[in-house]
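Given next are the chains, with one letter for each unit.
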Amino acid sequence: MITGKCECGKVEFEVEAAQETLTVCHCSQCRRISGHTWACTHAPIDKLRFSNKDGLGWYESSSFARRGFCKFCGSSLFYQRNGQENIAIAAGSLNGPTGLKVGKHILVKDKGDYYEIHENEPQIACF
Ligand SMILES: [Zn+2]
Ligand SMILES: [Zn+2]
């Protein structure tokens, strides 16, 4: 069981069965909403429970997915593809120690030109 929250605490949750390996997304949308890259774990949506969702908002970020965020502090928290059972949960929102580690980098073709990814870390150009 891992717990997490947004920066102001108006969204708080706990998640069971989170994947141990994180995905780090380098696409321009993730970088724009988060300020840099967006790292996440994944879990079945029914394993995610909210103890506070007063601040939880959703917006359609594309024709195939939505993103969850805090309406008060602006923290980027979730990403969910339409119709999928799994939800992506922002690694940065989790309370440590998480025991998780980075598994792979995705959409590296789209990464910013202002940083490098360590060459030993698995990188996937698209997905
Ligand atoms: Zn908040
Ligand atoms: Zn992305």
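Structure report, in brief. Note that the structure is predicted; figures quoted are calculated from it, not measured.

1. As for the overall build of the protein chain
Check the secondary structure of the protein chain and you find 1 helix and 11 strands. Mapped in sequence order, the helices and strands of the protein chain form the string β-β-β-α-β-β-β-β-β-β-β-β. The C-alpha radius of gyration of the protein chain comes to 14 Å, within 12% of the 14 Å expected for a compact globule of 127 residues. Oriented by its inertia axes, the alpha-carbon framework of the protein chain measures out at about 40 × 30 × 30 Å. Put simply, 56% of the contacts in the protein chain that link residues at least 6 apart link residues at least 24 apart. Working note: accessible area of the protein chain is about 7300 Å², and carbon and sulfur atoms make up 47% of it.

2. Remarks on the coordination of the zinc ion (ligand 1)
Distances from the zinc ion (ligand 1) to its protein donors, Cys 6 (SG), Cys 8 (SG), Cys 70 (SG) and Cys 73 (SG), fall within 2.3 to 2.4 Å. Taken together, the 4 donor atoms coordinating the zinc ion (ligand 1) and their angles of 107 to 114 degrees define a geometry best described as tetrahedral. Taken in chain order, the donor set of the zinc ion (ligand 1) reads C-x1-C-x61-C-x2-C. Taken together, the positions of Cys 6 in the loop between strand S1 (2-5) and strand S2 (12-15) and Cys 70 in strand S7 (residues 65-70) put the pair 64 residues apart, joining distant regions of the chain.

So, how was this worked out
Residues numbered from 1 in each chain as written. Chains lettered and ligands numbered in written order. Predicted model: local features only at pLDDT ≥ 70, side-chain atom pairs only at ≥ 80, totals over all residues. Heavy atoms only, no water. Helix = DSSP H or I, 4+ residues; strand = E, 2+ residues; numbered from the N terminus. Rg over C-alpha atoms; globule rule 2.2 N^0.38 Å. Contact = heavy atoms within 4.5 Å. Areas by Shrake-Rupley, 256 points an atom, 1.4 Å probe, with all protein chains shown as cover. Donors = N, O, S within 2.8 Å, 3.2 Å for Na, K, Ca; no water. Tetrahedral: all angles 85-135°; square planar, octahedral: opposite > 155°, others 65-115°.

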